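Tertiary structure, described
Here is how the chains run, residue by residue.
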Amino acid sequence: MEKIGYVHSVESFGSVDGPGVRFIVFLSGCPLRCRYCHNPDTWSKQGTPRSVSDLLKQAVRYKSYWGEHGGITVSGGEPLSQIDFLLEFFTEAKKLGINTCIDTSGSPFTKEGEWFEKFQKLMEVTDLLLMDIKHINEEEHIKLTGKTGKNIREMFAYLDEINKPIWIRHVLVPGITDVDEYLEQTRDFIRNLRNVYRVEVLPYHSLGSFKWKELGLEYSLDKTEMPDQDRVANARKILECEKYLRWQGENASADREKDTPTRADACGRSCC
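A brief report on the enclosed structure follows. This one's a predicted model, so the numbers in the text were calculated from it and none came from an experiment. (Residues numbered from 1 in each chain as written. Predicted model: local features only at pLDDT ≥ 70, side-chain atom pairs only at ≥ 80, totals over all residues. Heavy atoms only, no water.)

Regarding the pattern of salt bridges
What the rule picks out here adds up to 22 salt bridges. A salt bridge links E140 to K143, with the nearest nitrogen and oxygen atoms 3.4 Å apart. Taken together, the residues span about one helical turn, with E140 and K143 both in helix α4 (residues 138–145) at a distance of 3 residues. Residue classification places K143 among the partly exposed residues on the basis of a relative accessible area of 48%. E240 is the salt-bridge partner of K243, the closest N and O atoms lying 3.7 Å from each other. Connected through salt bridges with shared partners, the residues D17, D103, R169, R198 and E200 form a single ionic network. (Salt bridge = Lys/Arg side-chain N within 4 Å of Asp/Glu carboxyl O. Helix = DSSP H or I, 4+ residues; strand = E, 2+ residues; numbered from the N terminus. Buried < 20%, exposed > 50% of the residue type's maximum accessible area, 1.4 Å probe, protein only.)

Pasting the structure below:
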């Protein structure tokens, strides 16, 4: 029987969630409770039921716009929370020669049991992952997201082991992640990975705070300001962003300059 996924929304012409122009699928459900999340309405697993064939049919309508490097990105919420649907969706996409990308926090990752077997199969049909480093310090990670970061770091190690290309995103939050000591620790962590194609610093913003209020939730960063340009530049320097110029395709450096995101994403993901 065809797998059913629960979809929060889709975006036809995404330009910052992977290389080229992409069809973005935002799946519902996320185990993290990031304090800066600008789409808490994606936390619930409730969403619009979509079959693999139906969603893929919608995506391929835009295939002519994708060019050499574009394709499909599945984000969330947390896409790995719906790994069965995601595996079948990407398996069918690959039959059509479509570039596939997962935008994930890595929070569901485990190297145990059936889930890991499915993840290994998923990696065979995944071209790229966009990975968040929420916080490098375990205690601060729990404060920021409500969950451990240990298994996420294990996922980074596994992706490095199998040499699966990743882009790393790090949200710069004054007083939380915008601390030189933590940035240096994050840099050292990234230096030990051989599969990093890109590192992005995303300045914190509070544009989604109204959604928390609509859902009856307290937004704890209400008085936190955006980092200024000097602090963003400082973070980019410490994290050595300009060092990671690899891109999928032959014209890597040129494409990177052309496609550098301008959106200030509050969670490191399009819809988290």
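Observations regarding the nonpolar core
Counting residues in each nonpolar core, the largest one holds 55 residues, and the members touching the most others are I72, F89, F119 and L122. No other element matches helix α2 (residues 83–95), which puts 7 residues into this core. Not counting chain neighbours up to four residues away, the residues in contact with F89 comprise V25, V52, L55, L56, I72 and V74. Within the second largest apolar cluster, 15 residues are counted, among which are C34, Y36, C37 and W43. (Core = buried A, V, L, I, M, F, W, Y, C linked by side-chain atoms within 4.5 Å. Contact = heavy atoms within 4.5 Å.)

A closer look at the environment of L245
Its place among the elements puts L245 in the loop between α8 (229–238) and α9 (252–259). With a relative accessible area of 32%, L245 lands in the partly exposed category.

Considering the pairing of strand β7 (residues 166–172)
For β7, a buried count of 7 out of 7 residues is recorded, marking the element as mostly surrounded by other parts of the structure. Because side chains alternate across β7, one face comprises the buried residues I166, I168, H170 and L172, and the other comprises W167, R169 and V171, equally buried. Where strand β6 (residues 128–132) and β7 come together, 4 bridges link them in parallel fashion. Note that in β7 the partner of D132 across the bridge is R169. Pairing geometry for β7 and strand β8 (residues 196–203), over 7 bridges, is parallel. Within β8, the position partnered with V171 by the bridge is L202. Each parallel crossover has a hand, and the one from β7 via helix α6 (residues 180–191) to β8 is right-handed. (Pairing = 2+ DSSP bridges. Right-handed = clockwise from strand over helix to strand, strands pointing away.)

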